[in-house]
Amino acid sequence: MHSVLVGSDSSGSVVLVDLDGDGVPGRRDRVSTADLPEAIAARERTVRPRWVWSDTSVWYPQLLAAGVRVDRCHDLRLCHTILSRTAAVRHHAPLREDPRWEAPPASASAAEPGDGEALFDYTGPGGTAREVPHDLDSALAEHARHLTALREAEADDPARARSLRLLLAAESAGGLIAEELRGAGVPWDVDEHDRILTEALGPRPQFDAKPARMQAVAEEVLRALGDPRAELDSPVKLVKTLRRAGIAVSSTSQWELQQHEHPAIGPLLHYKKLARLLTANGWSWLAAWVHDGRYRPVYVPGGAVTGRWASTGGGALQIPRQLRPALRADPGWKLVSADVAQLEPRVLAAMAGDRAMAQAAAGADLYSGIVATGAVSSRDEAKTAVLGAMYGGTTGASGVLVPRLRGAFPAAMGLVDRAAALGERGDVVSTWLGRTSPELPEPDAEADPERARRVSREHGRFTRNFVVQGTAAEWALAWLAFLRTRLAALPEDVEAPPATASGPVFARRAHPVFFLHDEVIVHAPASQAEAAAEAVRASAVEAGRLLFGNAPVDFPLDLRISERADKGAEKESPREGEVSV
DNA sequence: TCGCATAGCGCG
DNA sequence: AAAGCGCGCTATGCGA
């Protein structure tokens, strides 16, 4: 595998270094920053190397803006995070010798005010690294450490090392995809968003006034409480107000409010919904995050310890279903939306090689399949039981239902129970491909045995979930990486009106625009929507094979091609307190 | 006036 | 006031 390492030099130029199969540096090419995109494009057209660089979120945006897509990379920052913790590597000390590689992604700090303009300035005030180093020598040294770690893993356990390499490749692909998603942006219909807001809240008010309809609901609450001065926006004051009105609450959460019968409760819950919509995704959100018809959140690949992505700025992980209709394809384009049905329990069945659970997962709905085994008597029970199994539920309905799952699916339950037991006694656990959980901070002295027990149980629930959530994240990453490759292989559409707002790389071709744990949305020229949908399906199959070989577990998709991604409309609304997986 | 913790709720 | 995991964001309240 041919690699080319990219790093800056002291004069502000960029150096490309060819690396041979063993990572030994060879020919060097020095180019100016301005010439970098063409230098990379040239090699991308010929040898298609794996690009080794400090941080994809620093190097890739300028390439995308110049119309250059790269096929693959090794992101030193992302891979460092994995390697410096994975149990597949015995000696972590060398990887920790340069602490600058522990710095957060540049894109995350760039979202903060007062950031430096200099592309390669990685030292913040006080000398603390706020970005990983981007210079050639640091990158060469770090890459050498990665190769050493991988060779060690290889010597210890070749199969495990192979998984680890897959993980590093997938994680790095995630880095590329995150920037591509940001570069293309989610096609966003501002007028539709405004319609939704206006219908719910009333017309956009001048200045900071409360929207009219929201104001009307607020007044309804005040009347029902018989308290014209009640403050609805402060939980602390609201609790006191409610108590004065004879509603005995200790918080203002929806869950607790719903337990009470009072004419103010209905309008108050309504008010809280409206207030949430206004503050989280109202007109100011629109002004801040949607420009030129594109919503561009900042994704943080590997931002959660489990390997799931996080986001910073823009709230990509929490776009309310209510606003999904605002997600709309450009004219002449379509959206291909797909999500995996019950990804996590399917992943668990595959990891554990649990034949009975795989059998239950054979249909489109795993929960119905579990009912069919006779372990539980309804789909709701199946869901509660499965969630309890993966999250560590011990009380209430889970407390009754989870043990029944233990009888029906001993292998799957054994896997999560073992993960929990390891976590409780302070050991680390690893995902299928080798991402390893962080150490338990400190098992506490005898100072507070009560607290020590609680902390260790909490950690057990965390590690129980870590192996499943983390492996599901790996599946999703593989899905996305295959999809990215398949879409790039589709011919450009020269007939459809170009999606110029998506940038030069994607204006004429299908590209992913949204990713959320187990869900992906592709923006495709109408003529290629079917081909894109097929790519989404095929990639899911490929991801399953890559991780689990021929394990008899499939990953069925809910997929649709449309102009608007308003799938929330036809799905049943989730029940209270329910988490769908 | 600022930074930080908390409450609450959106998403999976 | 969720039970039972993982996130981000806003407004509020409090202390410095």
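Keep in mind that this is a model prediction, so the values were computed, not measured.

### What to know about the overall build of chain A
- Counting its secondary structure elements, chain A contains 20 helices and 14 strands.
- The globule rule puts the C-alpha radius of gyration for 581 residues at 25 Å, and the 26 Å found for chain A is close to it.
- Once the C-alpha set of chain A is aligned to its principal axes, its extents read approximately 80 × 60 × 55 Å.
- Expressed as a percentage of its 581 residues, the buried residues of chain A come to 52%.
- Summarising the internal contacts of chain A: among those between residues at least 6 apart in sequence, 66% fall at separations of at least 24.
- Placing the 67 positive and 77 negative side-chain charges of chain A at their respective mean positions leaves the two points 3 Å apart.

### Quick word on the protein's contact with DNA strand B
- Taken together, the neighbourhood of DNA strand B is formed by 19 residues, with Thr 252, Arg 276, Leu 317, Arg 321 and Asp 518 sitting nearest.
- Of what DNA strand B places within 4 Å of the protein, 71% of the atoms are sugar or phosphate.
- Lys 272 has a polar side-chain atom sitting 3.4 Å from a phosphate oxygen of DNA strand B.
- In the model, a base nitrogen of DNA strand B is placed 3.4 Å from a nitrogen or oxygen of the Gln 318 side chain.
- It is helix H11 (residues 265-281) that contributes the most residues to the surface near DNA strand B, 3 residues altogether.
- Of the residues in the surface near DNA strand B, the class split is 6 nonpolar, 7 polar and 6 charged.

### With respect to the side chain of Thr 252
- One can find Thr 252 in the loop between helix H9 (235-244) and helix H10 (254-257).
- Apart from residues lying up to four places away in sequence, Thr 252 is in contact with Pro 235, Leu 238, Val 239, Leu 257 and Lys 272.

### Description of the sheet that holds strand S5 (residues 72-75)
- Read from one edge to the other, the open sheet built from 5 strands follows the order S3-S2-S1-S4-S5, with strand pairing classed as mixed. Two strands lie at the open edges of the sheet, namely strand S3 (25-31) and S5, each paired on one side alone. Neighbour-to-neighbour, the strand axes of this sheet turn through a mean angle of 25°, independent of strand direction.
- Two strands pair when backbone bridges link them, and strand S1 (residues 3-8) and strand S2 (residues 14-19) are joined in this way by 6 bridges, in the antiparallel orientation. Counted as the bridge partner of Leu 5 is Val 17 from S2.
- Seen against the sheet, helix H2 (residues 56-65) touches S1, S2, strand S4 (50-53) and S5 and runs at an angle of roughly 125° to S4.
- Together, S4 and S5 form the strand contacts of helix H6 (residues 158-184), whose direction differs from that of S5 by roughly 105°.

### Overview of the sheet that holds strand S6 (residues 186-187)
- The strand order S6-S8-S7 describes an open sheet built from 3 strands, whose pairing is antiparallel. Edge positions in the sheet fall to S6 and strand S7 (290-291), since each of these pairs with one other strand and no more.
- Sheet analysis places S7 next to strand S8 (residues 294-295), joined by 2 bridges and oriented antiparallel. Note on S8: the bridge partner recorded for His 291 is Arg 294.

### Description of H6
- Here H6 contains 27 residues, and its C-alpha end-to-end distance of 39 Å stays within 8% of the 39 Å for a straight helix at 1.5 Å per residue.
- At the C-terminal side of H6, Gly 185 shows a positive phi close to 80°.

### Observations concerning the protein's contact with DNA strand C
- Close contacts around DNA strand C come from 33 residues, with Ser 234, Gly 313, Gln 318, Arg 461 and Phe 462 the closest.
- Counting only atoms of DNA strand C within 4 Å of the protein, the sugar-phosphate share comes to 61%.
- Gly 314 places a main-chain nitrogen or oxygen 3.5 Å from a phosphate oxygen of DNA strand C.
- At 3.3 Å, a side-chain N or O of Ser 398 approaches a base nitrogen of DNA strand C.
- Broken down by secondary-structure element, the contributors of at least two residues to the surface near DNA strand C are H9, H11, strand S10 (310-311) and helix H19 (449-489).
- With 4 residues, the single largest contributor to the surface near DNA strand C is H19.
- Residues belonging to the surface near DNA strand C are distributed by class as follows: 9 nonpolar, 19 polar and 5 charged.

### Re the packing of aromatic side chains
- Tallying each qualifying case throughout the model produces 11 aromatic pairs.
- Between Tyr 299 and Trp 309, the aromatic rings sit 5.4 Å apart at their centres with planes inclined by 65°, giving edge-to-face as the arrangement. Highlighted residues: Tyr 299 in strand S9 (residues 299-300) and Trp 309 in the loop between S9 and S10, separated in sequence by 10 residues. Pair check on accessibility: Tyr 299 and Trp 309 agree, each one buried.

### A short note on the pattern of salt bridges
- Inspection of the entire model under this criterion finds 38 salt bridges.
- Glu 142 is the partner of Arg 145 in a salt bridge, and the nearest nitrogen-oxygen pair spans 2.8 Å. Taken together, the residues Arg 145 and Glu 142, both in helix H5 (residues 136-156) and 3 residues apart, mark about one turn of the helix. Across the pair, Glu 142 and Arg 145 agree in class, each one buried.
- Here Asp 233 and Lys 210 are joined by a salt bridge, their closest N and O atoms 3.6 Å apart. Of the two residues, Asp 233 sits in the loop between helix H8 (212-225) and H9 while Lys 210 sits in the loop between helix H7 (190-201) and H8, which places them 23 residues apart along the sequence.
- For Lys 210, a relative accessible area of 33% translates into the label partly exposed.
- Through salt bridges with shared partners, one network takes in Asp 18, Arg 27, Asp 29 and Arg 43.

### What about the packing of helix H16 (residues 379-391) against H19?
- Interaxial distance between H16 and H19 falls to 7 Å at its minimum, and their mutual angle equals 110°. Overall, the two elements H16 and H19 adopt an arrangement that is roughly perpendicular. Counting all contacts with H16, which are made through Ala 389, Met 390 and Tyr 391, the residues of H19 involved are Arg 461, Arg 464, Asn 465 and Val 468.
- Along the lines of polarity and charge, the residues of the contact of H16 with H19 split into 4 nonpolar, 1 polar and 2 charged.

### Observations concerning the domain arrangement of chain A
- Assigned domains of chain A: these are domain 1 (3-115 + 129-184), domain 2 (191-284), domain 3 (298-339 + 473-569) and domain 4 (344-471).
- Here domain 2 and domain 4 have C-alpha centroids that lie 38 Å from each other.

Reading guide: rules and limits
- Residues numbered from 1 in each chain as written.
- Chains lettered and ligands numbered in written order.
- Predicted model: local features only at pLDDT ≥ 70, side-chain atom pairs only at ≥ 80, totals over all residues.
- Heavy atoms only, no water.
- Helix = DSSP H or I, 4+ residues; strand = E, 2+ residues; numbered from the N terminus.
- Rg over C-alpha atoms; globule rule 2.2 N^0.38 Å.
- Buried < 20%, exposed > 50% of the residue type's maximum accessible area, 1.4 Å probe, protein only.
- Contact = heavy atoms within 4.5 Å.
- Lys, Arg positive; Asp, Glu negative; His and termini not counted.
- Charge placed at Lys NZ, Arg CZ, Asp CG, Glu CD.
- Near = heavy atom within 4 Å.
- Polar contact = N/O pair within 3.5 Å; in protein donor to acceptor, adjacent residues only side chain to side chain.
- Nonpolar A, V, L, I, M, F, W, Y, C, P; charged D, E, K, R; others polar.
- Pairing = 2+ DSSP bridges.
- Axes fitted to C-alpha atoms, helices over the stretch in contact; angles between N-to-C directions.
- Expected span 1.5 Å × (residues − 1).
- Phe/Tyr/Trp six-rings, centres within 6.5 Å; stacked < 30°, edge-to-face > 60°.
- Salt bridge = Lys/Arg side-chain N within 4 Å of Asp/Glu carboxyl O.
- Parallel < 35°, antiparallel > 145°, perpendicular 65-115°, else oblique.
- Domains from an automatic or database assignment.

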